[in-house]
Amino acid sequence: MSWFASCRTSFHPLNSARRQFSFSFKLRLPRDQPYLRNARLQSGGVPSFREQVARAIPVQSFADAVRYPAVGKHIIFVLGTSALVFTVAAYNTNLDTMFWATYLSSQRRWNDAVPTPPGHMQFARSEILLKKCQAQFQALNESLEGVPSVAKAMITNAYAVVAEMYLNASEGRRAGYGIAAVNVGIWIAWQIPVLRPFMMSHFTHHPLSGKAYTMLTSMFSHSSFIHLLFNCMALTSFASATSIWMTLEQANAPSHLRESTATYHFLALYLSSGLFSSLVSHVATARLIYPRLVSKLAQPGETGSPGMIHRISSSLSSVSKSNARPTTDAAAATSTILPSLGASGAIYSTVIISTLAFPQAEVSMVFPPTPSFPIQYGVGGLVLLDCIGVLRGWKLFDHYAHLSGAAFGALYHMYGMRAWDAMRVHTLRLDSKG
């Protein structure tokens, strides 16, 4: 007790403020507020089980996460290029018509008080072209003086046959010959192994590549010689009928403008119809075929596993940007979307215009050889075949491009000549103001 008393007497009042060993204050922690929970999630922390259950953010599926090919810039490219080529064609047609009208007036072949008919302009053009061919033949004959007579005769005869065929052709057929020459030159470039990667990248249109200008360059590419031959034969045949229809319609136009040539008009039609058919094919692939492929890959199963999806997506993107072959896992997927090339859509437009302009005409097939039959039956069968190809999903031909080219030709036959006449009047007014 004495020890205890002495201890008690040693207690100092200041020590009362010190915390005893057995003392513990009550610590009040803040409750788990939502803003704190969100802060932890944003900082990268691992959420608790309760937080994972409470999360109401839906998980994005694979089909929703995939970006579909763009179509906006392709539409702008087609509209802008078509407007440009028609404007240039109308301007050059007016300029050529004024040139030949002035030329005939200066030659005193026509009375200045009476407008020069378009037929006289075309006759004068053919006459000057004949003189040019005769001058070239004479120059060629003189340049072959040292060549053996047999070889000289073969070369001069070949030139005479080609020149005669070109002189006797209509303006539309001559334009078809020029387009066919470009097609042949690009096909020759395809046969050079070193140039094939470049040609595949810039002269075929792949909907997954993101390129818009290839819709124009692919119009002059062909996959094989048979493809090239048939397209050129069809082009030169129906281009003649289309140009004749253009000339007849322009003679009855509301503006009564004279037209010395329909070549520029036909070239504008050819390029615009080809671009339109390529655009429709691109949109159909980007908004119909590609989403179906993505939905099929996103389904559960072996083809919908994450690893398989990643490999197929990588293969699709690599194939669209280069000439690489798809992997084994993605072979079935990439075979659904293939690059397109050819001028079938533009040729379909000329075929439809020829059919609607001359419904009583008859045609025949070269392969297999057939007798003549009405053009309406043949074109109707082709359109029906393409409709079945779209419904059945055939991949041998670009059926969307064929049908869109046919639709463009039908619409142009109904409204195209009025738009062309208005374009010529507008450009003539702008040229007179300038």
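Residues numbered from 1 in each chain as written. Predicted model: local features only at pLDDT ≥ 70, side-chain atom pairs only at ≥ 80, totals over all residues. Heavy atoms only, no water.

### Side note on the packing of aromatic side chains
The tally for this structure, following the rule as stated, stands at 12 aromatic pairs. With centroids separated by 6.0 Å and ring planes inclined at 25°, the aromatic side chains of Phe137 and Tyr159 adopt a geometry described as stacked. Pair noted here: Phe137 is in helix 6 (residues 118-143) and Tyr159 is in helix 7 (residues 149-168), with a separation of 22 residues, a long-range link. We classify Tyr159 as partly exposed; its relative accessible area is 22%. What links up through ring pairs into an aromatic cluster is the set Phe86, Phe276, Phe408, Tyr412 and Trp420. The ring of Tyr166 carries Arg174 above its face, with NZ or CZ at 5.5 Å from the centroid. (Phe/Tyr/Trp six-rings, centres within 6.5 Å; stacked < 30°, edge-to-face > 60°. Helix = DSSP H or I, 4+ residues; strand = E, 2+ residues; numbered from the N terminus. Buried < 20%, exposed > 50% of the residue type's maximum accessible area, 1.4 Å probe, protein only. Lys NZ or Arg CZ within 6 Å of the ring centre and 35° of its normal.)

### What to know about a nonpolar patch on the surface
Together, Phe225, Ile226, Leu229, Phe230, Met233, Val366 and Phe367 give the surface a local cluster of nonpolar side chains, amounting to about 680 Å² of exposed area. Mapped onto the secondary structure, Phe230 falls in helix 11 (residues 225-251). (Patch = residues over 30% accessible without salt bridge, like charges linked within 9 Å, V, L, I, M, F, W, Y side chains within 5 Å. Areas by Shrake-Rupley, 256 points an atom, 1.4 Å probe, with all protein chains shown as cover. Salt bridge = Lys/Arg side-chain N within 4 Å of Asp/Glu carboxyl O.)

### Focus: helix 7
Given a rise of 1.5 Å per residue, 20 residues ought to cover 28 Å, and the 28 Å separating the end C-alpha atoms of helix 7 matches this to within 8%. Turning to helix 7, its buried residues number three or more, namely Lys152, Thr156 and Ala163. Taken down its axis, helix 7 places every buried residue within 30° of arc, on the same side. For helix 7, the exposed residues set more than 90 degrees away from the buried face come down to Val150, Met154, Val161 and Asn168. (Expected span 1.5 Å × (residues − 1). Arc of directions from axis to C-beta.)

### Brief notes about the pattern of salt bridges
As enumerated under the stated definition, the model contains three salt bridges in all. A salt bridge links Arg125 to Asp96; the nearest nitrogen and oxygen atoms lie 2.3 Å apart. In this pair, Arg125 is assigned in helix 6 and Asp96 in helix 5 (residues 72-106), connecting sequence segments 29 residues apart. With its nearest N and O atoms 3.6 Å apart, the salt bridge here joins Glu259 to Arg424. Separated by 165 residues along the polypeptide, Glu259 in the loop between helix 11 and helix 12 (263-298) and Arg424 in helix 17 (residues 399-433) bring together distant segments of the chain. Among the residues examined, Glu259 registers a relative accessible area of 5% and is labelled buried. Exposure remark for Arg424: the relative accessible area of 2% places this residue in the buried category. Ionic contacts of the salt-bridge type, sharing partners, join the residues Asp96, Arg125 and Glu171 into one network.

### What about the side chain of Lys152?
Among the structural elements, Lys152 can be located in helix 7. Within the buried core, Lys152 has no salt-bridge partner, and the shortest N-O distance to an opposite charge, that of Glu145, equals 4.1 Å. With residues near it in sequence (within four places) discarded, Lys152 still touches Asn141, Leu144, Glu145 and Val147. (Lys, Arg positive; Asp, Glu negative; His and termini not counted. Contact = heavy atoms within 4.5 Å.)

### What about the packing of helix 8 (residues 171-190) against helix 11?
For the pair helix 8 and helix 11, the least separation of the axes is 7 Å and the interaxial angle reads 160°. By the angle between their axes, helix 8 is roughly antiparallel relative to helix 11. Remark: the crossing between helix 8 and helix 11 carries right-handed chirality. In contact with Glu171, Gly172, Arg173, Gly176, Tyr177, Ile179, Ala180, Asn183, Val184 and Trp187 of helix 8, helix 11 contributes Phe225, Leu228, Cys232, Leu235, Thr236, Ser237, Ala239, Ser240 and Ser243. Broken down by class, the residue content of the contact of helix 8 with helix 11 amounts to 10 nonpolar, seven polar and two charged. (Axes fitted to C-alpha atoms, helices over the stretch in contact; angles between N-to-C directions. Parallel < 35°, antiparallel > 145°, perpendicular 65-115°, else oblique. Left-handed = near helix turned anticlockwise from the far one by under 90°. Nonpolar A, V, L, I, M, F, W, Y, C, P; charged D, E, K, R; others polar.)

### Structural notes on the environment of Met98
Structurally, the position occupied by Met98 is in helix 5. A relative accessible area of 37% places Met98 in the partly exposed class.

### Some words on unusual backbone geometry
Across the chain, the bulk of peptide bonds are trans and the bulk of non-glycine residues have phi less than zero. One non-glycine residue with positive phi stands out, namely His256, at about 55°. Locating His256 in the fold gives a position in the loop between helix 11 and helix 12. Classification of His256 as exposed rests on a relative accessible area of 63%.

It is worth stressing that arrangement in space is one thing and function is another; only the former is reported here.
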